[in-house]
Amino acid sequence: MTTPAVRQGRPAAGQGRSAAAFLAPFLVLYVLFIVGPALYGLVMSFFNTSMVKSGLSTFAGLQNYADALSSSDFWSSLWHTLWFTILTTPPLVVLALVFALLANRVGRGRWFYRLTFFMPYVLPSAVVALIFMWILAPGIGLLDTSLAKIGIDTPPNWLGAENWAMPALALTTVWWTLGFNFVLYLAGLQEIPRDLYEAAALDGATPWQQIRHITIPLLGRTTTLVAVLQVIASLKVFDQMYIMTQGGPNFSTRSLLQYVYDESFTNYRIGYAAAVSMLFFVVVLAVSVVWFRLVRSQQKEV
């Protein structure tokens, strides 16, 4: 006779079929629109596929990869992507944590701060780009007119100067996506038991000591999640760069994804662009592997 424990440990055959039925539509769509195109892109990376020729065209072997690794445009686009990631990731992690700590101490109206910080994140990228193009417009933009009122009559061309275009794009991204990390940190803060803070206060710990020795260590997993997700998101930047600067001035803000776009739909080199995409996938995959190892090590420590 089967014991109740065994029956609970083994799902019924009917439950398994029901779960498979619910998962089937998602799996079909996932294979059709994610796995299938990815595999076809991998195949195309070994051929001289072009927009002006039908089929895969002639076999190129590893030549597309060799051309990408020897191309200065590829490396400059990769550097622009990494530089953008460096400019955006630290402020998006630190500011989200700071604002979450402040909002968590608010007794009433916490929902208002959560809504206020998260609202920009739901805006489409085109809307955000148009807002900041208006703010940063030379001469007539909100920023330049505000600076003129305090005596700064010759501000830089924020989106037209090579030294300022990338920081301007980073500022736009920080304002746009800060709310997502803010909500993650706020959720993590609410999981920390209040008893720990009360006991620390009784022992004479200051608010800063409580943050340093209680909050930050217990938010370790959340910080790891936020940091890695932010790095991956910054590496995949395309929309705001393409809309606001089109990769200029002088290709100083062209990301790797825009380089793939240009090679595909401007130069019609689909096979070469597929090879660049596969190389970019390796970079993102490496970051993901680092994240999983960090999470696993933290779980072992706990």
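Residues numbered from 1 in each chain as written. Predicted model: local features only at pLDDT ≥ 70, side-chain atom pairs only at ≥ 80, totals over all residues. Heavy atoms only, no water.

1. Let's talk about the overall build of the chain
We count it as follows: Secondary structure elements follow DSSP: runs of H or I no shorter than four residues count as helices, runs of E no shorter than two count as strands, and numbering proceeds from the N terminus. Only protein chains enter the calculation, and the probe is 1.4 Å; a residue is then buried if its accessible area is under 20% of its type maximum, exposed if over 50%, and partly exposed in between. We call two residues in contact whenever any of their non-hydrogen atoms come within 4.5 Å of each other. Charged-residue counts in this description rest on Lys and Arg as positive and Asp and Glu as negative, His and the chain ends being excluded. In this description, the location of a charge corresponds to atom NZ of lysine, CZ of arginine, CG of aspartate or CD of glutamate.
A tally of helices and strands in the chain yields 14 helices and zero strands. Starting at the N terminus and walking to the C terminus, you meet the elements of the chain as α-α-α-α-α-α-α-α-α-α-α-α-α-α. With respect to the principal axes defined by its C-alpha atoms, the chain has extents near 80 × 70 × 30 Å. Each of the 302 residues in the chain was classed as buried or not, and the buried ones make up 36%. Across the chain, the fraction of contacts at a sequence separation of at least 24, relative to all contacts at a separation of at least 6, is 67%. Of note, the chain has its 18 positive side-chain charges centred 15 Å away from the centre of its 13 negative side-chain charges.

2. Some words on the packing of aromatic side chains
Going by this rule: Centres within 6.5 Å make a pair out of two Phe, Tyr or Trp rings, where for Trp the six-membered ring is used; the pair is then stacked when the planes are under 30 degrees apart, edge-to-face when over 60, and tilted otherwise. Here, a charge over a ring means that NZ of Lys or CZ of Arg falls within 6 Å of the ring centre while also lying within 35 degrees of the ring normal.
One pass over the structure, following the stated rule, counts 18 aromatic pairs. Taking 5.2 Å as the distance between ring centres and 75° as the angle between the ring planes, the aromatic pair formed by Phe 74 and Trp 75 counts as edge-to-face. Look at Phe 74 and you get buried, because its relative accessible area is 4%. A ring pair is formed by Tyr 261 and Phe 265, whose centres lie 5.2 Å apart and whose planes are at 45°; its orientation type is tilted. Placement of both Tyr 261 and Phe 265 in helix H13 (residues 256–265) is noted, with a separation of four residues, approximately one turn of the helix. Residue class for Tyr 261 comes out partly exposed when judged on its relative accessible area of 30%. In this structure Phe 265 comes out as partly exposed when scored by relative accessible area, which is 48%. In textbook terms, an aromatic cluster arises when at least three aromatic residues are bridged by ring pairs, as seen for Phe 238, Tyr 242, Tyr 261 and Phe 265. We note Arg 269 situated over the ring of Tyr 272; from NZ or CZ to the ring centre the distance is 4.0 Å.

3. As for helix H10 (residues 207–218)
Which entries qualify depends on this criterion: Residue count minus one, scaled by 1.5 Å, sets the expected span of a helix. Note that the arc is defined by the directions from the helix axis to the C-beta atoms.
Between its terminal C-alpha atoms H10 stretches 15 Å, which fits the 16 Å expected from twelve residues at 1.5 Å a residue. Taken residue by residue, H10 has Gln 210, Ile 211, Ile 214 and Thr 215 as its buried positions. In a view along the axis of H10, the buried residues occupy a sector of 125°, so they form one face of it. What points out from H10, more than 90 degrees from its buried face, is the exposed set Trp 208, Arg 212 and His 213. Along its buried surface, H10 packs onto helix H4 (72–104), helix H8 (162–190) and helix H9 (194–202).

4. As for the nonpolar core
To keep things clear, this is the line we draw: Nonpolar cores are built from buried Ala, Val, Leu, Ile, Met, Phe, Trp, Tyr and Cys residues. Side-chain atoms within 4.5 Å join them into one set.
Counting residues in each nonpolar core, the largest one holds 20 residues, and the members touching the most others are Tyr 185, Leu 189, Ile 192 and Leu 219. When contributions to this core are tallied by element, the ones reaching two or more residues are H4, H8, H9 and H10. Among the elements that make up this core, the one with the highest residue count is H4 (seven residues). Counting 18 residues, the second-largest nonpolar core is a separate cluster that includes Val 228, Leu 235, Met 278 and Val 284.

5. Some details on the environment of Asn 250
Defined as follows: Two N or O atoms form a polar contact when they lie within 3.5 Å of each other; inside protein one atom must be a possible hydrogen donor and the other a possible acceptor, and for residues adjacent in sequence the pair counts only when both atoms belong to side chains.
Among the secondary structure elements, Asn 250 is positioned in the loop between helix H12 (239–244) and H13. Overall, Asn 250 belongs to the exposed group, its relative accessible area being 60%. Residues Asn 250 and Thr 116, spaced 134 residues apart in sequence, show a C-alpha to C-alpha distance of 37 Å. A polar side-chain atom of Asn 250 sits 3.3 Å from a polar atom in the side chain of Glu 162.

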